[in-house]
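Remarks on the overall topology
What follows is the residue order along each chain.
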Amino acid sequence: MRYIDHGPGGAASAMKIAIAPQPAPKAGEVVIEVAYAGVNRPDVLQRSGGYPPPPGASPVLGLEVAGRIATVAPDVARWKPGDVVCALTPGGGYAEYCAAPAAHCLPVPKGLTVKEAASLPENWFTVYDNVMTRGRLKAGETILVHGGSSGIGLAAIQLAKVLAGATVYTTVGNAEKAEYCRKMGADVALNYREQDWAAETARLTNKRGVDVVLDMVAGDYVMKNVRALALEGRLVQIAVLNGSKIADFDAMPLMLKRLTYTGSTLRPRTVEQKAAIAAALAREVWPLFESGQLKPYLYRTFPLAEAPAAHALMESSTHIGKIVLEVKPQ
Ligand SMILES: NC(=O)c1ccc[n+]([C@@H]2O[C@H](COP(=O)([O-])OP(=O)(O)OC[C@H]3O[C@@H](n4cnc5c(N)ncnc54)[C@H](OP(=O)(O)O)[C@@H]3O)[C@@H](O)[C@H]2O)c1
């Protein structure tokens, strides 16, 4: 099969088409003939050498795919060859065939294309777990989502609004991104290059603060996030784009406001934990795509061989929403 090899890692240009044997399904797994593979920021980190795959995972890039099931392990009853699915993968998505646990596959929501479905798993697994489970967001509460125009951000805005029934504030880097986030359900979108988001959040909540912050920035955002939280607020860290070290951290507000500071990364979670998230998505989130209340947000598609251009676009941060690789449309 054709796949993208990124060698020892480095610049986007390190990625080249190469040939390897097709994977075979291990117990509990299916092998998917990949039509489309989603591109995610963690792929960029892995390609540049900063985010090695967990032990046992495919070294090939690609955390989500959609396509037709080619083969299933003898113990898999849920799916059969020919079924069209999207899947969270343990890696290996930038390839014509990709193995994934059967329990991490979901049907293509009715009304969505296979390409749109390929853009869902990594964002929606991550956001469901961090906003609903870790962040414990409830109806009537307020959430601040940083990086609103990212794949993760647009899932968080919609999930918070539609599933949780929350008020949603978000931060973005330009006016076009702000407008898109409002269109996708954000009540307020703040341009952090022109506005002081911390001051604006305090003003918007009459100094009460927000109940949940979903943050991918860290660094100097952490103390600002802590100050932006209301009593009993939850700060959920899902990435550290501005660095993981926090200068001048003050633990006093954690105690005085009884805050929770938590976070997670999806990839090293167990097969069972990810299967539980898949089941929650099938039950609570996929029906909202089928009724049109949640919407996919594809930005651009590149052929597999143009993976370097897809990564360069992501690294430019000019995109809004998802970038997808076309592997072998069926
Ligand atoms: N914890 C997990 O399990 C998990 C899973 C998946 C992804 N993630 C993380 O979630 C984040 C979003 O992922 P994604 O795939 O949705 O990414 P993406 O679509 O590439 O979006 C990233 C966006 O973040 C914004 N941003 C804000 N501060 C930034 C900074 N200091 N450096 C770079 N970009 C910055 C940029 O938009 P602006 O113009 O608004 O700045 C950029 O477009 C990534 O950091 C990723 O590693 C975490």
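Please read these numbers as outputs of a predicted model, since none were measured by experiment.

Each value, and the rule that gives it
Residues numbered from 1 in each chain as written. Predicted model: local features only at pLDDT ≥ 70, side-chain atom pairs only at ≥ 80, totals over all residues. Heavy atoms only, no water. Pairing = 2+ DSSP bridges. Helix = DSSP H or I, 4+ residues; strand = E, 2+ residues; numbered from the N terminus. Axes fitted to C-alpha atoms, helices over the stretch in contact; angles between N-to-C directions. Contact = heavy atoms within 4.5 Å. Salt bridge = Lys/Arg side-chain N within 4 Å of Asp/Glu carboxyl O. Buried < 20%, exposed > 50% of the residue type's maximum accessible area, 1.4 Å probe, protein only. Domains from an automatic or database assignment. Buried area = accessible area lost by both parts, 1.4 Å probe. Polar contact = N/O pair within 3.5 Å; in protein donor to acceptor, adjacent residues only side chain to side chain. Phe/Tyr/Trp six-rings, centres within 6.5 Å; stacked < 30°, edge-to-face > 60°. Lys NZ or Arg CZ within 6 Å of the ring centre and 35° of its normal. Near = heavy atom within 4 Å. Areas by Shrake-Rupley, 256 points an atom, 1.4 Å probe, with all protein chains shown as cover. Nonpolar A, V, L, I, M, F, W, Y, C, P; charged D, E, K, R; others polar.

**Observations concerning the sheet that holds strand 13 (residues 260-263)**
On the basis of which strands lie adjacent, the open sheet formed by six strands has the order 10-9-8-11-12-13 and parallel pairing. In this open sheet, the two edge strands, each paired with only one partner strand, are strand 10 (188-191) and strand 13. Neighbour-to-neighbour, the strand axes of this sheet turn through a mean angle of 15 degrees, independent of strand direction. Direction of pairing for strand 9 (residues 167-172) relative to strand 10: parallel, over a ladder of four bridges. Bridge pairing in strand 10 links threonine 171 to leucine 190. This element, helix 4 (residues 151-164), spans strand 8 (142-145), strand 9 and strand 11 (210-215) of the sheet and lies at about 165 degrees to strand 9.

**Describing the pattern of salt bridges**
A pair can form between side chains of opposite charge whenever their charged atoms are brought close. All chains considered together, the criterion is met by 15 salt bridges. Salt-bridge contacts for lysine 110 lead to glutamate 290; the nearest nitrogen and oxygen are separated by 3.9 Å. Residue lysine 110 is found in the loop between strand 7 (105-107) and helix 2 (114-118), and its partner glutamate 290 is found in helix 9 (residues 271-290); the two are separated by 180 residues along the sequence. Residue arginine 208 is joined to aspartate 211 by a salt bridge in which the shortest nitrogen-to-oxygen separation is 2.8 Å. Assessed through its relative accessible area of 47%, arginine 208 is described here as partly exposed.

**Section: the domain arrangement of the chain**
Once the domains are mapped, the chain shows domain 1 (2-120 + 268-326) and domain 2 (124-263). The straight-line distance from the C-alpha centre of domain 1 to that of domain 2 is 26 Å. Buried area between domain 1 and domain 2, both sides added, is near 1900 Å², and the carbon and sulfur share of it is 69%. In terms of surface lost to domain 2, no three residues of domain 1 exceed Ile277, Tyr297 and Ile320, which account for 32% of the buried area on that side. Along the contact surface separating domain 1 from domain 2 lie one salt bridge.

**Notes on the environment of aspartate 5**
By secondary structure assignment, the location of aspartate 5 is in strand 1 (residues 2-5). For the pair aspartate 5 and phenylalanine 289, spaced 284 residues apart in sequence, the C-alpha to C-alpha distance is 34 Å. Not counting residues up to four positions away in its chain, the partners in contact with aspartate 5 are Ala14, Met15, Lys16 and Ala18. At 2.5 Å, the side chain of aspartate 5 forms a polar contact with the backbone nitrogen of glycine 7.

**Things to note about the packing of aromatic side chains**
All told, the structure shown has three aromatic pairs when counted by the stated rule. Aromatic pair tryptophan 124 and phenylalanine 289: ring centres 5.0 Å apart, planes at 75 degrees, arrangement edge-to-face. Here phenylalanine 289 lies in helix 9 and tryptophan 124 lies in helix 3 (residues 121-134), a separation of 165 residues in the sequence. In this pair, the class of tryptophan 124 matches that of phenylalanine 289, namely buried. Plain terms: the ring middles of tryptophan 197 and tyrosine 221 are 5.0 Å apart, the flat faces sit at 50 degrees to each other, and that makes the pair tilted. Taken together, the positions of tryptophan 197 in helix 6 (residues 197-204) and tyrosine 221 in helix 7 (residues 221-228) put the pair 24 residues apart, joining distant regions of the chain. Neither tryptophan 197 nor tyrosine 221 differs from the other in exposure class; each is buried. Ring pairing ties together the aromatic residues Trp124, Trp286 and Phe289, which thus form one cluster. Across the ring face of tryptophan 79, the terminal group of arginine 78 is positioned such that the distance to the ring centre comes to 3.9 Å.

**Side note on unusual backbone geometry**
For residues other than glycine, phi is negative in most cases, and the peptide bonds are mostly trans. Even without a glycine there, the phi angle at aspartate 248 is positive, about 55 degrees. The residue aspartate 248 is located in the loop between strand 12 (229-237) and helix 8 (252-256) in this model. A relative accessible area of 71% places aspartate 248 in the exposed class.

**Considerations on the site of the ligand**
The ligand sits among 25 residues. The nearest are Lys177, Tyr192, Asn242, Ser264 and Leu266. The backbone of glycine 173 places a nitrogen or oxygen atom 2.9 Å from an oxygen atom of the ligand. In the model, a nitrogen atom of the ligand is placed 2.8 Å from a nitrogen or oxygen of the isoleucine 238 main chain. In isolation the ligand exposes 910 Å². Once the protein is present, 91% of that is buried. Sorting the residues of the shell around the ligand by element identifies helix 1 (41-47), helix 3 and helix 4 as the ones contributing at least two each. Of the residues contributing to the shell around the ligand, the split by class is 11 nonpolar, 10 polar and four charged. Taken domain by domain, the shell around the ligand gets at least three of its residues from each of domain 1 (2-120 + 268-326) and domain 2 (124-263).

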